[in-house]
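Coordinate analysis (summary)
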Amino acid sequence: MIAAQTIVARTPSALLASLNRFHLHSKTKGGTLLFALSAPSDTLSAITSHLNSQFPRHIGCLSSPLPAYRSHIMCAVALLDGITFRSTIAGRADPQVGRWHAARRSSQQPLPAAQSNIFGEFNADLGRVNWEDIWDRSAESAQEMPVELRMARPEDVSSILYFSDKAPEGIAKALKAAFPHSHELCFLVSSTPFITGRPVTLFHDGEIYSDGAIGIALQPSLGHPSLTVEFPGLVDLTPELQITSSEGNLIFTVDNGNPTRLLLAAMNKHGLDSRDVLLKDDEFYVGVMSNGKVEQLHRITAGDPSRGTIALGTMNAPPQGSIIKMLYLPRRDEVVLNLEPTHGNTSISFIATPDCISDGPPSPVLDKDVLVIDRNFVAGSENGFTLRRGAKEDSWSCTLPGGRAGLRWT
């Protein structure tokens, strides 16, 4: 890491002045510019042209405004030394609920009508599907590494940062195969069809892309990387439980019991009316535990109390033997996201922002034209982020509003 800042400005001119200062202080250092920009559509051309002229070597994207700064322009910038790359490896379609052994188990105990279809029904007629075959067809050849990375040795890459559309599975699998011990942090960039007319908007050395991924592979000389996650606002529903059967994106049994019934019982115990789930104002999650802390988080997308199966918004449910908790995110009028650093190290942080940001008046957060948070790159997207910490886990995604992943070096 050479330098990093997050700039919040009231006007384009105030932002450009701050970017000029950043360029002046760093122009002798070289490196590739990493940037994430959230700005009104009528200012994008001027700002991106300015970035392109000052930093011809760059990877960047359009991001979401953080709620407290939604009426301001926000640009996170960092200068990094590494190998930049562009990937067009295909990802996968969204997981389809209940495609794996949905009819293999069924409880004979009747349920009250109000609970019989709380989370939606599974399609039990789709039969047995080989997950690896699906992966190979939809992600094509994950061995087709970006040409820029083909000569890189695994020991020369300690961490990888990249910006991607909403289907990063192909490049994620390829990166793990080539660099299994590296940390991997992916920003699922904001959707921009109503801003630029593109599904997503990626910038790479003067080119603009509407899909795929762009990124940078970083060397161990930066220091020892640490990749951490935070999940604010979650409430425990259950104590720690053990997964006793899972496959695909489905959990079949927990502590040898029916996981959907366990969830409904926990909701009732906490005074939550299970019928309110239909309103979808509360979000329910499975958290994978390690040393008493949530280390992975997967949203519950469907469940069937009679069969017991719970479906997760991920391609791979936690495996048998995993220790989990069931959690929920209460309704919140506003998500408070803090830009200030919580440590002294330079860091790159990606934040999952809410799908919809309140139209109410924003808090008066700036008492001057520009706010600069030094040594911290902070960007938000409603599509969230994915990450992988070394060889111990596969890449997984987080869209919890306020969820945060941070990569820093010591």
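Quick notes on the environment of Ile351
Tracing the backbone shows Ile351 in strand 19 (residues 347-352). Put simply, Ile351 and Phe187 are 164 residues apart on the chain and 8.6 Å apart in space, counted from C-alpha to C-alpha.

Structural notes on the sheet that holds strand 4 (residues 73-80)
Whether parallel or antiparallel, the strands of a sheet pair through hydrogen bonds between backbone atoms. Overall, mixed pairing links the seven strands, which are arranged 9-8-3-2-4-1-20 in an open sheet. In this open sheet, the two edge strands, each paired with only one partner strand, are strand 9 (207-209) and strand 20 (370-374). With strand direction ignored, the average angle separating the axes of adjacent strands in the sheet is 15 degrees. In this structure, strand 3 (residues 58-62) lies alongside strand 8 (residues 202-204), joined through three bridges in antiparallel fashion.

Observations concerning the nonpolar core
Core analysis: the biggest nonpolar cluster contains 41 residues, and Leu34, Leu161, Phe163, Phe231, Leu297, Phe350 and Phe377 have the highest contact counts within it. Dropping the residues within four chain positions of it, Leu297 is found in contact with Phe231, Leu234, Tyr285, Val286, Gly287, Leu327, Trp396, Ser397 and Leu400. One finds Leu37, Cys75, Val77 and Phe203 within the second-largest nonpolar core, a separate group that totals 22 residues.

Considering the pattern of salt bridges
Overall, the coordinates contain 11 salt bridges when judged by the stated rule. Across the pair Glu184 and Arg388 runs a salt bridge, and its minimum N-O distance is 3.1 Å. Of the two residues, Glu184 is situated in strand 7 (residues 183-188) and Arg388 in strand 22 (residues 385-389); the sequence distance between them amounts to 204 residues. Arg388 shares its class with Glu184; the two are buried. Of the charged contacts, one joins Arg307 and Asp304 as a salt bridge, the two residues approaching to 2.8 Å between their closest N and O atoms. One network of salt bridges, in which partners are shared, links Arg153, Glu155 and Asp156.

Topic: the packing of helix 1 (residues 12-26) against helix 2 (residues 44-54)
Where helix 1 meets helix 2, the axes come as close as 11 Å, and the angle between the chain directions of the two elements is 10 degrees. When the axis of helix 1 is compared with that of helix 2, the two are roughly parallel. Seen from helix 1, the contacting residues are Leu15, Leu16, Leu19, Asn20 and His23; seen from helix 2, they are Ile47, His50, Leu51 and Gln54. Here the residues of the contact of helix 1 with helix 2 sort into five nonpolar, four polar and no charged.

Describing the environment of Asn376
As for its position among the elements, Asn376 is in strand 21 (residues 376-381). Through-space distance from the C-alpha of Asn376 to that of Ala3 is 8.6 Å; in sequence the pair is 373 residues apart.

Some remarks on the environment of Gly233
Along the chain, Gly233 turns up in the loop between strand 11 (225-230) and strand 12 (235-236). Taking the C-alpha atoms as reference points, Gly233 and Gly402, separated by 169 residues in sequence, lie 8.1 Å from one another.

What about the side chain of Glu184?
On the accessibility criterion, Glu184 (1% relative accessible area) is buried. A polar contact is formed between the side chain of Glu184 and the side chain of Tyr162, at a distance of 2.7 Å. With near-sequence residues (within four places) excluded, Glu184 lies in contact with Ile160, Tyr162, Ala172, Leu175, Lys176, Leu227, Thr386, Leu387, Arg388 and Ser395.

Observations concerning helix 5 (residues 259-269)
Listed in full, the buried residues belonging to helix 5 are Pro259, Thr260, Leu263, Leu264, Ala266 and Met267. Buried positions in helix 5, seen along its axis, are confined to an arc of 160 degrees and lie on one side of it. Sitting at the amino-terminal end of helix 5 is Asn258, which places a side-chain oxygen 3.0 Å from the backbone nitrogen of Thr260. Following helix 5 by one or two positions, Gly271 has its phi on the positive side, about 75 degrees.

Some thoughts on the sheet that holds strand 21
Taken together, the four strands give an open sheet; going across it, the order is 11-24-19-21, and neighbouring strands pair in mixed fashion. Strand pairing shows two members of the sheet lacking a second neighbour, strand 11 and strand 21, which therefore form its edges. The average undirected angle you get between the axes of adjacent strands in this sheet is 15 degrees. Both strand 11 and strand 24 (residues 404-409) contribute to a ladder of six bridges, which runs antiparallel.

Conventions and cut-offs
- Residues numbered from 1 in each chain as written.
- Predicted model: local features only at pLDDT ≥ 70, side-chain atom pairs only at ≥ 80, totals over all residues.
- Heavy atoms only, no water.
- Helix = DSSP H or I, 4+ residues; strand = E, 2+ residues; numbered from the N terminus.
- Pairing = 2+ DSSP bridges.
- Axes fitted to C-alpha atoms, helices over the stretch in contact; angles between N-to-C directions.
- Core = buried A, V, L, I, M, F, W, Y, C linked by side-chain atoms within 4.5 Å.
- Buried < 20%, exposed > 50% of the residue type's maximum accessible area, 1.4 Å probe, protein only.
- Contact = heavy atoms within 4.5 Å.
- Salt bridge = Lys/Arg side-chain N within 4 Å of Asp/Glu carboxyl O.
- Parallel < 35°, antiparallel > 145°, perpendicular 65-115°, else oblique.
- Nonpolar A, V, L, I, M, F, W, Y, C, P; charged D, E, K, R; others polar.
- Polar contact = N/O pair within 3.5 Å; in protein donor to acceptor, adjacent residues only side chain to side chain.
- Arc of directions from axis to C-beta.

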